[in-house]
Amino acid sequence: MKKWWVIGGLGLAIAFSSGFNTPSPIKTKAELGKKLFFDPILSKDHSISCASCHIPAFGFADTVAISLGVGATPGTRNAPSIMNLRGHDPFFWDGRAASLEEQALMPIENPVEMNLPINEAIKRLNNSKAYKSLFLSVFKQLPSPKNLGLALAAYQNTLETDESAFDLDELSASAERGRQLFVSEKTKCFDCHNGPDFTNDDFKNIGLFDGVNFTDEGRYAITKNKEDLGKFKTPGLRNIAVTAPYMHNGMFKTLEEVIDYYDNPYQFVPKPINIDSTLKEPLKLTVEEKIDLVNFLKALTDKQYLKKAN
């Protein structure tokens, strides 16, 4: 059962059902979505699939700072994990997708990702005897943008995990100290990373925008609200031990580097613009406190990934 705590809220237990092996025959939306997720038919030159940047062995995240799309075209942001997204709208670092169904289609059309117009993708699926049959069987309809999004979203909704050391009450002494520090007034990590998947689904400027070396405007590019300048969606922390590199730009290779950053953002970005008030003063963490926080974060990783994380 997925364990969590959130101030003033109730927990929601979600059963783990990652389903990495395609079942046969395909009878459900999720099973069809899984087949599509791993099929390069949805990219312009049939060279990549959704799984090319969201790799199952790494918590459905990528292993590079910025993923490469069709023709080795670099993207603009880090490809985060797509696990444990159920109920965490809006989606993407800037929140431009209101629903998981909408989010699932955007990388297909994106010119720096799969670079295939949705209408062309639907044409391909309708020209495929196998997919035409599957969509008719599952949806009682021919392939369309709507049911393509529904199928992909249904598969993503199965990618829930709830068997970490934290969930199973198996924290080490160091991880338990890290947990206490995580929820303390000293770090205020819990202000944003709370709930079942350790995100409040809000947007925050953590200091990675200065208009010179760090120019990604984040949420502001969508809302045009000056208060959103440099804000990005707070990511969930489940399986974080295997989803490096971190941050929207993939600038940190390790959790230790992430903790060093939060300890004092100004060592990395001397003149951030619009940084959140909770980060304006260095935390002054000790070496042991940093180790404990890292161990707690690692304890949020599902047991299926433990060997890779250690």
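Note that the structure is a prediction, hence the values are computed from the model and not measured. (Residues numbered from 1 in each chain as written. Predicted model: local features only at pLDDT ≥ 70, side-chain atom pairs only at ≥ 80, totals over all residues. Heavy atoms only, no water.)

## Thoughts on the environment of Asp 39
1) Next: Within the secondary structure, Asp 39 is located in the loop between α1 (29-37) and α2 (50-53).
2) Next: Here the alpha-carbon distance between Asp 39 and Val 183, two residues 144 residues apart in the chain, equals 42 Å.
3) Next: For Asp 39, the residues in contact, after removing those within four places along its chain, are Ser 49 and Tyr 131.
4) Next: Within the structure, Asp 39 has its side chain in polar contact with the backbone nitrogen of Ile 41 (distance 3.0 Å). (Helix = DSSP H or I, 4+ residues; strand = E, 2+ residues; numbered from the N terminus. Contact = heavy atoms within 4.5 Å. Polar contact = N/O pair within 3.5 Å; in protein donor to acceptor, adjacent residues only side chain to side chain.)

## With respect to the side chain of Arg 238
1) Next: Along the chain, Arg 238 falls in the loop between β2 (232-233) and α9 (255-263).
2) Next: Within the local environment of Arg 238, its side chain forms a polar contact with the backbone oxygen of Pro 196, the two atoms lying 2.8 Å apart.
3) Next: Beyond its immediate chain neighbours, meaning those up to four positions away, Arg 238 contacts Lys 2, Lys 3, Asn 84, Thr 161, Asp 162, Ser 164, Asp 167, Pro 196, Asp 197, Phe 198 and Leu 300.

## So, unusual backbone geometry
1) Next: That bond from Asp 89 to Pro 90 is cis: its omega, -5°, falls within 30 degrees of zero.
2) Next: Tracing the sequence through the fold places Pro 90 in the loop between α2 and α3 (100-109).
3) Next: Cis geometry marks the peptide bond from Ala 244 to Pro 245; its omega dihedral reads 0°.
4) Next: In this model, Lys 140 sits at a positive phi of 60°, which is unusual for a non-glycine residue.
5) Next: Owing to a relative accessible area of 67%, Lys 140 belongs among the exposed residues under this scheme.
6) Next: The phi angle at Asp 201 is positive, at roughly 60°, despite the residue not being glycine.
7) Next: Counting through the fold element by element, Asp 201 comes out in the loop between α7 (173-182) and β1 (203-204). (Buried < 20%, exposed > 50% of the residue type's maximum accessible area, 1.4 Å probe, protein only.)

## What to know about the confidence of the model for the chain
1) Next: Put simply, the chain has an average pLDDT of 93, and 92% of its residues get 70 or more.
2) Next: Ignoring residues within four places in sequence, the model shows residues 6-20, a span with pLDDT below 50, making 35 contacts including any to other chains. (pLDDT = per-residue confidence, 0-100.)

## Here we look at the packing of aromatic side chains
1) Next: This structure, assessed with the given rule, holds 14 aromatic pairs.
2) Next: The interplanar angle of 45° and the centroid separation of 5.5 Å between the aromatic rings of Phe 252 and Tyr 261 together place this pair among those described as tilted.
3) Next: Here Phe 252 falls in the buried class, since its relative accessible area comes to 3%.
4) Next: With a centroid separation of 5.7 Å and 75° between ring planes, the pair formed by Tyr 261 and Tyr 262 is classed as edge-to-face.
5) Next: Looking at Arg 96, its charged tip hangs above the ring of Phe 92, at a distance of 3.8 Å from the centre. (Phe/Tyr/Trp six-rings, centres within 6.5 Å; stacked < 30°, edge-to-face > 60°. Lys NZ or Arg CZ within 6 Å of the ring centre and 35° of its normal.)

## Section: helix α10 (residues 287-298)
1) Next: Taking 1.5 Å as the rise per residue, α10 with 12 residues should run 16 Å; its terminal C-alpha atoms sit 17 Å apart, in good agreement.
2) Next: Looking at α10, one finds that the buried residues are Glu 289, Asp 292, Leu 293, Val 294, Phe 296 and Leu 297.
3) Next: The secondary structure elements touched by the buried residues of α10 are α7 and α9. (Expected span 1.5 Å × (residues − 1).)

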